[in-house]
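Take a look at the letters that make up each chain.
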Amino acid sequence: MITNNIEALEKALEREKNARIEAEKNLEERSLELQEANQNIIKVINEKEIQLESLFKTIVDPYILMDLYGNVVKMNDAATDFFGYDLEKEVFNVTNTLFPDDVEYAMKCYYELLEKGVFKHFKARVFDKNRKVRWIEINSSIVYDETGKATFAQGVVRDITERRNDQKEREQLLKNLKKSNQELNDFAHVVSHDLKAPLRSMNALVSWLQEDCLELSNDENIKENFDLLLKKIDKMDHLINGILKYASIDKIEHPKKEIDLNEVVEIILDTIHVPEHVKVIIPEKLPIAKGDKFRLHQLFQNLISNAVKYANEENGEVTISYKTITDFWEFQISDNGKGIPEKYHQKVFGIFETLDDHHNSTGIGLSIVKKIIDLFDGTIWVSSIEDEGATFHFTLPIPN
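Model, not experiment: these values are computed from the prediction.

1. Re the overall build of the protein chain
Thought 1: In terms of helices and strands, the protein chain carries eight helices and 12 strands.
Thought 2: Looking at the protein chain residue by residue over its 400 residues, the buried ones come to 34%.
Thought 3: Within the protein chain, contacts between residues at least 6 apart in sequence are counted, and of these 61% link residues at least 24 apart.
Thought 4: Only carbon and sulfur atoms are counted for the fraction: they give 53% of the accessible area of the protein chain, which is about 26400 Å².

Here it is in structure tokens:
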């Protein structure tokens, strides 16, 4: 009995010994696995740190990390180049870089950053180490520790000095442009007031002189010279009216509404003089445009009158047509006259530019057309073959 108990105990001890050996073996294998995994984790962490450090250094815009008192604890190379400070050799506190007039605004924004945790599009002037003033824009945020306590503030800085200078130049140019436009408008009205009255008086005096002289002599040369003089006075009157129209075409505000271009053209053809030898052709019904009737009337009247005037002197034809292209219409107003040489295709839209010495040609009509087209965000151009006529093309947006 005793012998059996001893044998059983020895077997139990043997089993326990084997189990312990197996457990130690498993523990050793597990330790090796954990050690290998830990080495892999360390390797990954090191690689990530290298990648983050590389990314940190290669950020194009300056980046700064500072404590809550403004002392910079870390910044990238772009920030070092921008501000001119070297953290390894000197202390850099951002509050010392602020332009005096912007300090109060900067402090207000900083308190908002501490309260909300984020502040975007902060703009202010700062000094670099060489006391050069620059405009900057900062997007910043607070860095919190594991307990949720604010510990640092970080921000990406963008140099907007050039943009601010460009904006200032644009504002000045716009101011100068408004002043020039007002001066042009004032000049146009002065011209109208100061020249129209004496021009009418000149016309009356010349007419009286013509009557008196023709009573004394029937010389055709005298009559021809007086007619020429009256035409020149009439041309001056047209010129003054053209200047007034050009100066005021973009000043008058009219309500935008749907305009039937067929009615506009019909009114124009009833108003202007169309000689019997000129035939006006409209192949298809014109569309309904959106805008102000005054400018659309001016646009079509100037182009149609121009086409009628330069149509063939024996069998004149003027064609008014259009086609739809995506979100705009392209209109064509053509004549079969002598055409326009290619070297004048751009010149004809300049103010006071005219290709002939017709007594009604002031060189303002097509410049008014160009100005109206610009107001409609359209384009205008001319195509022509000499002795075969000219076509003026222009675009108008299709109403939504």
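Now that the structure is up, let's keep going.
2. Examining the side chain of Asn76
Thought 1: When you line up the elements, Asn76 lands in the loop between β2 (72-75) and α2 (77-83).
Thought 2: On the accessibility criterion, Asn76 (0% relative accessible area) is buried.
Thought 3: Polar contacts involving the side chain of Asn76 include one to the main-chain amide nitrogen of Tyr63, which spans 2.9 Å.

3. A few points about the pairing of strand β11 (residues 380-385)
Thought 1: Here β11 pairs with strand β12 (residues 389-397) via six bridges, running antiparallel. The residue of β12 that forms the bridge with Trp381 is His393.
Thought 2: Linkage of β11 to β12, two consecutive antiparallel strands, is achieved through a turn of three residues, within which Asp387 is found at a positive phi near 70 degrees.

4. Some points on the environment of Asp387
Thought 1: The topology assignment puts Asp387 in the loop between β11 and β12.
Thought 2: Placed 46 residues apart in sequence, Asp387 and Pro341 show a C-alpha to C-alpha distance of 9.6 Å.
Thought 3: Ignoring anything within four residues of it in the chain, the contact list for Asp387 reads Gly337, Lys338 and Gly339.

5. Focus on the sheet that holds strand β7 (residues 278-281)
Thought 1: As summarised here, the arrangement of the five strands in space is β7-β9-β10-β12-β11, forming an open sheet in which the pairing is mixed. The strands lining the two open edges of the sheet, one partner per strand, are β7 and β11. Ignoring which end each strand starts from, the neighbouring axes of this sheet average 15 degrees apart.
Thought 2: Helix α7 (residues 293-310) rests against β7, β9 (316-325), β10 (328-335) and β12 of the sheet, and its axis sits at about 30 degrees to β10.

6. Comments concerning the pairing of strand β1 (residues 63-67)
Look at any regular strand and the pattern is simple: side chains alternate between the two faces of the sheet.
Thought 1: Burial runs high along β1: five of the five residues are buried.
Thought 2: Alternating residues of β1 divide into Tyr63, Leu65 and Asp67 and Ile64 and Met66, and every residue in both groups is buried.
Thought 3: Bridging between β1 and β2 involves three bridges; their strand directions are antiparallel. By the bridge assignment for β2, Leu65 is matched with Lys74.
Thought 4: Here β1 hands over to β2 after four residues, with Gly70 in that stretch at a positive phi of 95 degrees.

7. Focus: the environment of Gln154
Thought 1: Within the secondary structure, Gln154 sits in strand β5 (residues 150-159).
Thought 2: The class for Gln154 is partly exposed, based on a relative accessible area of 26%.
Thought 3: When the C-alpha positions of Gln154 and Ser141 are compared, they lie 5.6 Å apart, and in sequence the two are 13 residues distant.
Thought 4: If we ignore the near neighbours within four places in the chain, the residues touching Gln154 are Tyr63, Ile64, Leu65, Asn139, Ser140, Ser141 and Val143.
Thought 5: Among the polar contacts made by the side chain of Gln154, one reaches the side chain of Tyr63 at a distance of 2.5 Å.

8. Topic: the sheet that holds strand β4 (residues 133-144)
Thought 1: Strand order in the open sheet made by the five strands is β2-β1-β5-β4-β3, with antiparallel pairing throughout. Both edges of this open sheet fall to β2 and β3 (118-127), since each of them pairs with a single strand only. Averaged over all pairs of adjacent strands, the angle between strand axes in this sheet comes to 30 degrees, irrespective of strand direction.
Thought 2: The pairing of β4 with β5 spans nine bridges and is classified as antiparallel.

9. Some words on the side chain of Glu330
Thought 1: Within the element layout of this structure, Glu330 appears in strand β10.
Thought 2: Buried charge Glu330 goes without a salt bridge, the closest partner of opposite sign being Lys323 at 4.2 Å.
Thought 3: At 3.2 Å, the side chain of Glu330 forms a polar contact with the side chain of His393.
Thought 4: The residues touching Glu330, leaving out its near neighbours within four places in the chain, are Ser321, Tyr322, Lys323, Ile325, Trp381, His393, Phe394 and Thr395.

10. Regarding the confidence of the model for the protein chain
Thought 1: This prediction gives the protein chain a mean pLDDT of 79; 71% of its residues lie at or above 70.
Thought 2: Within the protein chain, no element has a lower average pLDDT than helix α1 (residues 2-58), which sits at 61, and none a higher one than β10, at 94.
Thought 3: Here residues 48-52 is modelled with pLDDT under 50, and outside its nearest four sequence neighbours on either side it reaches zero contacts, counting other chains as well.

11. Looking at α7
An α-helix turns once every 3.6 residues. As a result, residues three or four positions apart point the same way.
Thought 1: For α7, which comprises 18 residues, the first-to-last C-alpha distance of 26 Å matches the rise-based estimate of 26 Å (1.5 Å per residue) to within 8%.
Thought 2: Buried residues dominate α7, accounting for 13 of its 18 residues.

Calculation criteria
- The written sequence of each chain sets the order in which its residues are numbered from 1.
- Totals for whole chains, interfaces and linings use every residue, but because this is a predicted model, local features are given only for residues with pLDDT of at least 70 and side-chain atom pairs only at 80 or more, for both listing and counting.
- Side-chain metrics rest on all non-hydrogen atoms present in the structure, leaving aside hydrogens and water.
- By the criteria applied, helices consist of DSSP H or I runs no shorter than four residues and strands consist of E runs no shorter than two, each listed in order from the N terminus.
- Relative accessibility decides the category of a residue: with a 1.4 Å probe and only protein chains considered, values under 20% of the type maximum give buried, values over 50% give exposed, and everything between is partly exposed.
- Whether two residues are in contact is decided by their heavy atoms, any of which lying within 4.5 Å being enough.
- Note that accessible areas follow from Shrake-Rupley with a 1.4 Å probe, and for residues the cover is restricted to the protein chains shown.
- Pairs of N or O atoms within 3.5 Å make up the polar contacts considered here, provided that, within protein, one atom can donate a hydrogen while the other can accept it, and that residues adjacent in sequence are counted only when both atoms are side-chain atoms.
- Here, any two strands with at least 2 DSSP bridges between them count as paired.
- Angular values range over 0 to 180 degrees, each being the angle between N-to-C directions of two axes fitted as lines to C-alpha atoms, with helices fitted over their stretch in contact.
- Here the positive residues are Lys and Arg and the negative ones are Asp and Glu; neither His nor the chain ends is included.
- Here a salt bridge means any side-chain nitrogen of Lys or Arg lying within 4 Å of a carboxyl oxygen belonging to Asp or Glu.
- A score between 0 and 100, pLDDT records how confident the predictor is in each residue.
- One fewer than the residue count of a helix, multiplied by 1.5 Å, yields its expected span.

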